[in-house]
Amino acid sequence: MSGNFPPAAREPSSLEQALKQFFGYDSFRPGQQQIVEDALNSRDLLIVMPTGGGKSLCFQLPALLKPGLTVVVSPLIALMQDQVEALRNNGIGATFLNSTLNWQAELRAKEAILNGRVKLLYVAPERLLSERFMPFLEQVDAEIGINGFAIDEAHCVSEWGHDFRPEYRQLRQLRRRYPKVPLMALTATATARVRTDITQQLALRQPVTHVASFNRPNLYYEVRPKHRQSYSELLQIVRTAGGSGIVYCLSRKKVDELALRLRNSKISALPYHAGMSDEERSVNQTRFIRDDAQVMVATIAFGMGINKPDVRFVVHYDLPRNLESYYQESGRAGRDGEQALCTLFFSYGDLKTIEYLIDQKPDPQEQRIARQQLRRMIDYAEGTDCRRTIQLSYFGEQFPGNCGNCDNCRYPKPVEDRTVEAQKFLSCVARCGERFGVTHIIDVLRGCKNQKIQQYEHHNLSTYGIGKDRSEDDWKTLGRTLLHQGLVDETSDGYRVLKLNERSWEVMRKQRTVLVARTLAETAIRTERSLRSAEVEMLFDRLRALRKEIADEQSLPPYMVFQDSTLRLMAQQRPQTLEKFGQLNGVVNYKVTQYGERFVAEIRAYCQEQGASGGPADNLPSDSQQLTLQLHRQGLSPAEIAQKRQLSPSTIIEHLTQLIEMKLPVDLNQLVPFERQEVILQAIETVGAESLKPIFEYLGESYSYDEIKLVRAWVRSGNDTLGF
Ligand code: ADP
Ligand code: ZN
């Protein structure tokens, strides 16, 4: 026994108690408590928080603590209904008034408001300010008292925002008609220009401004090169994610194709794009939110106003047009604060498509802006710095880097000094008179004998053939990097002729070094399952299934029953009494009564089964296995690990197989190439996973037992959707 006592528990403040009572949370997120206090002091507020930051609570909690009614202005009907449903599900009086209600329902809602049974009323801006609605509002104010207006998505007042809505401008009247009622404006749009606009347009009175950091620490950002195997990588992401995800594509056609392809791989995926009917779209959206489908493949038409907190991954299968959109779209992952994955597949081919689209824009100014934004996007994709540093700098926020939760921080890319090659390349551009594009320059460098070279007599140049030692692809990569680093220019008149600039000459004069990130190691897939024990995972899956069952019974999206984080806590702490259950973070009394018994019963059943089968301890890795895992995570091959540890290679494979089955983060792609995984998976699907020999024989013996074992372990670990 050590002599340490646990630190004295701090007495929760009365606000924290209220937070627990109404929402079941133990603590405030950064900024929330201060905001709630300011709101209770009736200050005007401007709140800028990233998506998922927890804005709703900032007006919901004060609404519950003040006498009277809070009016929430929200532009999106779906979002309104969502929030009201979630509040009611926590036992809180909330309602909305919008065009979806028939007159009886509207009458009932109004009655409830005038009876004081409603603390939060959600309305669309156009209705709030309509001639018909104003008298009702006056009556409410006179009889019940309006204690605050919360304006959600407040950037809609600004023409500089990405979603200007003229009806938002009318909201200025609120200040005039209700001079004593405090206003709270909320937005996730980060630019300073929009913030100023909001304050002016809504006539906020000396607002307290809270700008939260735009960093989303729970999101893992990575960029992968897009190539032929990208589809396999995507499949792997979907299969290992263990939850919902969105895959964004650039065109409708690609959305349809990819959704179909995923379905052929036995993934429940649905398409969503502007070419579909409203009804189809809304059906697919609901199925996604209710977890009837795992993946939504969509154009950027999808996402705005969709409040699904448990999206576990957002993949951009094509390049987004700019970094702000990328931030917003990828930000739809992990709103519940749980770990989530944001992957961008990057190819230079996409670049051409977007450049083409930009060229179609009629206004040259617009073209220039779009090009500049695209350039920032490329900088992000090609960047070797911390992805957060690059993103946040775009919003004017300094981030020190080393986040430990992006690919560049976790797997720093080696950079190579390629100054000499760059000099060869650039001097070749000079020798050719700055009249040719990349392809021709490379042909000259590599000493090709084609007609164009003959015609211009470029085989007589001093740079002819000086780049034979490198492949065409290698030169292409270098050429692009030079372009993206601004070390050479390219004409945009449709011919893409390379032109030297001041910086090119600096390189040639040896005043500037050229660093290029190596791209070889990038294809390694990184399975993002953190070190959770298999046991927790198993119970979690069962609780998830129970949640889905209950959600379906009540026609609710599953996350409204309990969020992932709460299920995870249940799986970890395994409360076996209702009392213990009620103490979990995220569980309000109302939910204990509603769902407690069924969850507790499930947990009890699980614990009993585990007890009977020898307990969960069997499922944890041994020290030796853990050591293997560590070395594997450092990038060592099984042979290298075997050598280092003085063990036989087959023992190491055995370790890895078991680690995979325990769902520990073994990177399968480091062990078996994608294409081979796919083939083995298909074989397993055909002949079953029971014994190895039939699989081995089915594959014509061209796949090793080791490879088969590893893939089979992956299938067995339940990461598959193949149905074993
Ligand atoms: P925003 O409107 O800023 O995008 P939300 O208000 O929808 O974010 O909140 C995002 C998620 O965070 C929701 O699932 C919400 O329940 C959760 N949340 C908010 N505040 C807290 C808190 N203090 N503790 C735990 N979870 C919270
Ligand atoms: Zn980082």
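Just above sits the structure.
Residues numbered from 1 in each chain as written. Chains lettered and ligands numbered in written order. Predicted model: local features only at pLDDT ≥ 70, side-chain atom pairs only at ≥ 80, totals over all residues. Heavy atoms only, no water.

1. Looking at unusual backbone geometry
Residue Glu-457 is not a glycine yet carries a positive backbone phi of 55°. Relative to the helices and strands, Glu-457 is located in the loop between α21 (451-455) and α22 (472-484). A residue is classified by how much of its surface remains accessible, and Glu-457, at 48% relative accessible area, is partly exposed. Of note, the phi angle at Gln-646 is positive, near 55°, even though the residue is not glycine. Within the secondary structure, Gln-646 is located in the loop between α30 (638-645) and α31 (649-661). Judged by its relative accessible area of 71%, Gln-646 is exposed. (Helix = DSSP H or I, 4+ residues; strand = E, 2+ residues; numbered from the N terminus. Buried < 20%, exposed > 50% of the residue type's maximum accessible area, 1.4 Å probe, protein only.)

2. Looking at the site of ligand 1
Every one of the 15 residues lining ligand 1 counts as a neighbour, but Tyr-25, Gly-52, Lys-55, Ser-56 and Arg-335 are closest to it. Here an oxygen atom of ligand 1 and a side-chain polar atom of Arg-335 are 2.7 Å apart. When grouped by side-chain class, the residues that make up the shell around ligand 1 number four nonpolar, eight polar and three charged. (Near = heavy atom within 4 Å. Polar contact = N/O pair within 3.5 Å; in protein donor to acceptor, adjacent residues only side chain to side chain. Nonpolar A, V, L, I, M, F, W, Y, C, P; charged D, E, K, R; others polar.)

3. Re the coordination of the zinc ion (ligand 2)
On the protein side, the zinc ion (ligand 2) has Cys-386 (SG), Cys-403 (SG), Cys-406 (SG) and Cys-409 (SG) as donor atoms, found 2.3 to 2.4 Å from it. Viewed at the metal, the four donor atoms of the zinc ion (ligand 2) are separated by angles of 99 to 119°, and the geometry they form is tetrahedral. The motif formed by the donor residues of the zinc ion (ligand 2), counted along the single chain, is C-x16-C-x2-C-x2-C. Residue Cys-403 is classed as partly exposed on the basis of its relative accessible area of 23%. Judged by relative accessible area, which is 0%, Cys-406 ranks as buried. (Donors = N, O, S within 2.8 Å, 3.2 Å for Na, K, Ca; no water. Tetrahedral: all angles 85-135°; square planar, octahedral: opposite > 155°, others 65-115°.)

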